[in-house]
Amino acid sequence: MISGLRIALISKYNAAQSLLVVLQTSDPAPTVLYSTTESYDNLLPVGQDERWDIFKSFHTDLEDSFPLIYSNLESTTVNTYDLVFHWQGSNDSLKPLLLTAHQDVVPVDWSNEDRWIHRPYSGHYDGTWIWGRGNHTVIVSLTYYYRITVNSLLGAGFNPQRTIVLAFGFDEEASGTEGAGQLAVYLEGRYGMNAFAMILDEGEGYTENVKQGAIFALPGVSEKGYFDASIKVSTPGGHSSVLPDHTSIGLLSLLIVSLESNPHLPRLTRNGTAFAAAQCAVAHAPEGKFPPVMKTLARRAMNPHDEIALKKFGDVLFEAVPFFSVLSRTTQAVDLISGGVKVNALPERAEALVNHRIADSTSEIKNHITDLVLFFGAQHNLSIHGFGVDVRHGSEIGKIVLSEAFYSALEPSPLTPIANNHMYDVLSGTIKATLQSSSRYEAANVVLTPSLGLDTRFCWNLTENIFRYSHRGDRNAVYSGVHTTNEAIRGESFIEDIRFFTRYTQFR
């Protein structure tokens with residue numbers, strides 16, 4: 001029984017302390033938890049960068065704070081700072097459950113510190129909100145899941161039938177290669193391919209509770225692919241007083257305009273996550289959300305032989321709710337640009353990096369960019385080297401080089417099955433039971449709507465049942481969002497997390 005909520009902070013380090021959140025239960029007063037676990041894009045591998053060392057202190061804090069966990073669960077570390085806990089079940093014939101999260105948080109922009117209502121790592125609880133960076137990640141997963149769920153269940157003498165494995169990386173907010181990438185290798189080596197019944201990782205939660213309306217829970221059942229494209233334009237240098245029609249920066253700017261003027265088009269497919277989500281949304285949406293013809297089109301689009309209905313359904317859907325257009329297409333965003341060294345010197349090089357979230361394939365991305373650049377190159381008589389191949393020989397005026405940046409290419413994920421899938425039913429039932437038994441909601445109607453998630457790419461060999469879901473909901477649960485100034489979460493929302501995990505852990 002939860003007897004109260006206590007928030008505490010110990011300022012041990014001069015650097016920013018991680019959010020400290022401790023729930024007090026009926027057992028003796030909890031010890032406190034503190035650490036700095038920020039991730040940075042320029043971190044070197046473990047052993048080559050002292051900024052990783054803070055995780056050593058963090059792990060000591062965890063062990064001191066949760067001795068019951070460490071004395072009852074088998075614990076190990078991977079790549080020094082990954083954490084793995086093995087809670088042995090009584091029935092070895094059941095595949096284990098894998099719960100994953102991460103220990104790191106994004107850095108705070110200290111130039112905005114004065115805009116925070118409470119200091120970014122204060123962990124302050126004002127009776128309603130818990131303030132601080134990272135309150136949505138492993139501090140929640142470890143402190144709340146361990147302290148309340150695991151501690152309480154162990155204290156009550158509960159032993160799971162199904163083995164439970166908890167795995168926590170430490171660089172999810174960066175690349176994930178040092179953390180989750182190494183964890184996946186370890187887990188596959190110890191347990192084998194397709195060894196887990198299912199994986200639960202963080203993801204979307206549930207929508208606002210509207211009176212006499214449905215609550216939509218949004219577990220991620222697939223992920224888009226990923227590709228960062230580099231576009232480099234090279235031209236001769238010289239004094240800026242004697243210039244060509246376009247500098248390399250000018251040419252790159254025109255090319256970016258061409259790229260943004262030719263986005264990838266949305267395409268609704270029956271075996272895609274967006275189609276399943278649309279069917280749920282149309283079937284359970286409140287009156288007036290969609291045009292009257294939508295339900296008829298949705299029903300007709302289910303027919304595998306009616307391509308006209310599928311096309312019409314997609315067209316009306318994308319116009320009514322543009323978000324479905326985003327779900328159904330590859331997105332491209334020009335996020336970084338560089339070029340030039342001096343104000344009176346012609347730039348010899350200009351580069352743009354374009355981020356893609358892929359609905360189709362990486363080859364489709366390459367073909368799309370190459371086709372656009374070929375047309376552009378012909379207009380301006382430029383040579384083009386596209387993804388390892390010389391595709392056009394122009395004059396000596398300039399050259400465009402297309403390449404993959406950061407070894408980033410990733411095809412779209414496998415799709416977690418939904419129909420006739422016991423594991424999906426377990427997750428659905430747990431979400432519904434938790435919401436419908438909560439005094440916070442009028443949750444007679446809870447609808448599970450498949451959605452897209454992120455960040456499980458290293459785990460695809462471990463099971464076909466990967467769900468990205470955080471039991472966090474309505475717009476009143478968070479103060480201003482995550483990864484931003486004044487990050488805070490409502491204390492009652494943490495309680496809902498605990499209720500969800502307690503139910504989820506006990507499934508057979």
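Here the structure is a predicted model, which means the values were calculated and not measured.

(A) Focus on the overall build of the protein chain. Helix and strand content of the protein chain: 12 helices and 20 strands. Put simply, the protein chain has 508 residues, and 51% of those count as buried. In the structure as shown, the protein chain presents an accessible area of about 23400 Å², 52% of it carried by carbon and sulfur atoms.

(B) A look at the packing of helix α11 (residues 422-436) against helix α12 (residues 491-505). Contact pair α11 / α12: the axes reach a minimum separation of 9 Å and the direction vectors enclose 140 degrees. The pairing of α11 with α12 is recorded here as oblique in orientation. Between α11 and α12 the crossing geometry is right-handed. Note on element contacts: α12 touches α11 through E496, R499, F500, R503 and Y504, opposite L427, T430, I431, A433 and T434.

(C) How the structure looks around unusual backbone geometry. The residue N79 is not glycine, and still its phi comes out positive at about 50 degrees. Exposure remark for N79: the relative accessible area of 25% places this residue in the partly exposed category. With phi around 50 degrees, Y407 is a residue other than glycine that occupies positive phi space. With a relative accessible area of 80%, Y407 lands in the exposed category.

(D) Representation of the pairing of strand β8 (residues 198-204) within the structure. Sheet topology note: the strand β5 (residues 97-102)/β8 ladder contains 3 bridges and is parallel. What sits directly across from L98, in β8, is I199. Across 4 bridges, the pairing between β8 and strand β19 (residues 466-469) is parallel. Looking at the pairing, I199 lines up with I466 of β19.

(E) How the structure looks around the pattern of salt bridges. For the structure shown, the criterion picks out 12 salt bridges. A salt bridge links E113 to R119; the nearest nitrogen and oxygen atoms lie 2.3 Å apart. We classify R119 as exposed; its relative accessible area is 54%.

(F) Quick look at the sheet that holds strand β13 (residues 349-358). Sheet architecture is open: 6 strands sit in the order β12-β13-β11-β16-β14-β15, paired in mixed fashion. At either end of the open sheet lies a strand with only one pairing partner, and these are β12 (331-339) and β15 (389-392). Shown here is a sheet whose adjacent strand axes are inclined to one another by a mean of 20 degrees, direction ignored.

(G) A look at the confidence of the model for the protein chain. Per-residue confidence for the protein chain gives a mean pLDDT of 85; residues scoring 70 or more make up 89%. Long-range and interchain partners of residues 1-35, a stretch whose pLDDT sits below 50, account for 108 contacts in this model, where long-range means more than four residues apart. Low pLDDT, under 50, characterises residues 136-144; the predicted model gives this stretch 47 contacts beyond four residues in sequence or across chains.

(H) Up close: the packing of aromatic side chains. Summed over all chains, the structure comprises 16 aromatic pairs. On the basis of an interplanar angle of 55 degrees and a centroid distance of 5.1 Å, the ring pair of Y191 and F196 is categorised as tilted. According to the relative accessible area criterion, F196 is buried, its value standing at 1%. A network of ring pairs unites the aromatic residues W52, F55, Y81 and F170 as a single cluster. The ring centre of W129 lies 4.5 Å from the NZ or CZ of R490, which sits over that ring.

(I) The pairing of strand β7 (residues 164-169), seen in detail. Counted residue by residue, β7 has 6 buried out of 6 residues, so it is predominantly covered. Side chains of β7 alternate between two faces, with I164, L166 and F168 and V165, A167 and G169 buried alike. The sheet contact formed by β5 and β7 spans 6 bridges and is parallel. By the bridge assignment, T100 is partnered in β7 with A167.

(J) Focus on the side chain of E223. With respect to the helices and strands, the residue E223 is situated in the loop between β10 (220-222) and β11 (225-234). Owing to a relative accessible area of 5%, E223 belongs among the buried residues under this scheme. Leave out the neighbours within four places in its chain, and E223 touches P412, S413, L452, G453, L454, D455, T456, R457, W460 and R468.

(K) Quick peek at the packing of helix α5 (residues 248-260) against helix α10 (residues 362-380). Two elements in contact, α5 and α10, have axes separated by 10 Å at closest approach and are oriented at 135 degrees. Looking at the two axes, α5 sits oblique to α10. For α5 against α10, the interelement crossing comes out right-handed. In this structure, α5 uses L251, L254, L255, S258 and L259 to contact α10, whose residues at the interface are I369, L372, V373, F376 and H380. Grouping the constituent residues of the contact of α5 with α10 by class yields 8 nonpolar, 2 polar and no charged.

(L) Structural context of helix α7 (residues 294-301). For α7, the full list of buried residues reads M294, L297, A298 and A301. For α7, the angular spread of buried residues about the axis comes to 100 degrees, placing them on one side. Of the surrounding secondary structure, the elements contacted by the buried residues of α7 are α6 (273-284) and α8 (307-320).

(M) Region of interest: the environment of A101. By the secondary structure assignment, A101 is in strand β5. Taking relative accessible area as the criterion, A101 reaches 14% and is therefore assigned buried.

(N) Structural view of the side chain of H471. The residue H471 is located in the loop between β19 and β20 (488-490) in this model. Taking the relative accessible area as the measure of exposure, H471 reaches 1% and is therefore buried. A polar contact of 2.9 Å, which involves the side chain of H471, links it to the side chain of Y469.

Conventions used here
Residues numbered from 1 in each chain as written. Predicted model: local features only at pLDDT ≥ 70, side-chain atom pairs only at ≥ 80, totals over all residues. Heavy atoms only, no water. Helix = DSSP H or I, 4+ residues; strand = E, 2+ residues; numbered from the N terminus. Buried < 20%, exposed > 50% of the residue type's maximum accessible area, 1.4 Å probe, protein only. Areas by Shrake-Rupley, 256 points an atom, 1.4 Å probe, with all protein chains shown as cover. Axes fitted to C-alpha atoms, helices over the stretch in contact; angles between N-to-C directions. Parallel < 35°, antiparallel > 145°, perpendicular 65-115°, else oblique. Left-handed = near helix turned anticlockwise from the far one by under 90°. Contact = heavy atoms within 4.5 Å. Pairing = 2+ DSSP bridges. Salt bridge = Lys/Arg side-chain N within 4 Å of Asp/Glu carboxyl O. pLDDT = per-residue confidence, 0-100. Phe/Tyr/Trp six-rings, centres within 6.5 Å; stacked < 30°, edge-to-face > 60°. Lys NZ or Arg CZ within 6 Å of the ring centre and 35° of its normal. Nonpolar A, V, L, I, M, F, W, Y, C, P; charged D, E, K, R; others polar. Arc of directions from axis to C-beta. Polar contact = N/O pair within 3.5 Å; in protein donor to acceptor, adjacent residues only side chain to side chain.

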